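Observations on the three-dimensional arrangement
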Amino acid sequence: MENEVSDKVKTAIATLNDEQLNKVLEFVEHLQQDSLMNKRAEVAEEAIKYGKVVSFNKFSRDFEAWKTKKASTK
């Protein structure tokens, strides 16, 4: 199956002109970026779920508390 798909892709690409090839390349790069962003989001969600990192809201609250404490010690 993989060889069949690979052969079809190679055949289809071989018939494209430069403009079409650029469009295909842009599309593939877009797919790769989306995939990478999705993987990073999944990793971040798991890290938050298991307490490896805090959520953005908790970080914001902690940061505001830290700024207030720092300002009061000056």
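The residue numbers shown here count from 1 along each chain, following its written sequence. Only residues with pLDDT of at least 70 get local features here, since the model is predicted, and only at 80 or more are side-chain atom pairs given and counted; chain-wide, interface and lining totals rely on the full set of residues. Note that water and hydrogens are dropped before the side-chain values are worked out from all heavy atoms of the structure.

1. Re a nonpolar patch on the surface
- Here, patches come from residues exposed beyond 30% relative accessible area and free of salt bridges, joined within 9 Å for like charges and within 5 Å for nonpolar side chains (Val, Leu, Ile, Met, Phe, Trp, Tyr). Surface accessibility in these figures is a Shrake-Rupley result with a 1.4 Å probe; residues are shielded only by whichever protein chains are displayed. Criterion for a salt bridge: a side-chain nitrogen of Lys or Arg within 4 Å of a carboxyl oxygen of Asp or Glu. A cluster of nonpolar residues, M1, V5, V9, I13 and L21, forms a patch on the protein surface that exposes about 450 Å² of accessible area.
- Tracing the chain through its elements places V5 in helix 1 (residues 2–14). Working definition: helices are DSSP H or I runs of at least four residues, strands are E runs of at least two. Numbering for both runs from the N terminus.

2. Quick notes on helix 2 (residues 18–49)
- Here the expected length of a helix is defined as 1.5 Å per residue gap, with one fewer gap than residues. Here helix 2 spans 46 Å end to end across 32 residues, near enough to the 46 Å set by a 1.5 Å rise per residue.
- Pairing of N or O atoms within 3.5 Å defines a polar contact, subject to two protein rules: one partner must be a possible hydrogen donor and the other a possible acceptor, and residues neighboring in sequence count only if both atoms are side-chain atoms. At the N-terminal end of helix 2, a side-chain oxygen is found 3.1 Å from the backbone nitrogen of E19, two or three residues along, and the residue is N17.
- Following helix 2 by one or two positions, G51 has its phi on the positive side, about 75°.

3. Description of the pattern of salt bridges
- Counted by the stated rule, this structure contains 4 salt bridges.
- Measuring nitrogen to oxygen at the nearest pair gives 3.4 Å for the salt bridge that ties E4 to K8. Here the residue E4 and the residue K8 both occupy positions in helix 1, the gap between them amounting to 4 residues, near one helical turn.
- On the basis of relative accessibility, which here comes to 43%, the residue E4 falls in the partly exposed class.
- The exposure class assigned to K8 is exposed, which follows from its relative accessible area of 55%.
- The salt bridge partner of E64 is K67, with a shortest N-O separation of 3.2 Å. Linking E64 with K67, this pair stays in helix 3 (residues 56–72), spanning 3 residues, or about one helical turn.
- According to the relative accessible area criterion, E64 is partly exposed, its value standing at 41%.
- Exposed residues in this analysis have more than 50% of their type's maximum accessible area, buried residues have under 20%, and partly exposed residues fall in between, with area computed by a 1.4 Å probe over protein chains only. What makes K67 partly exposed here is its relative accessible area of 36%.

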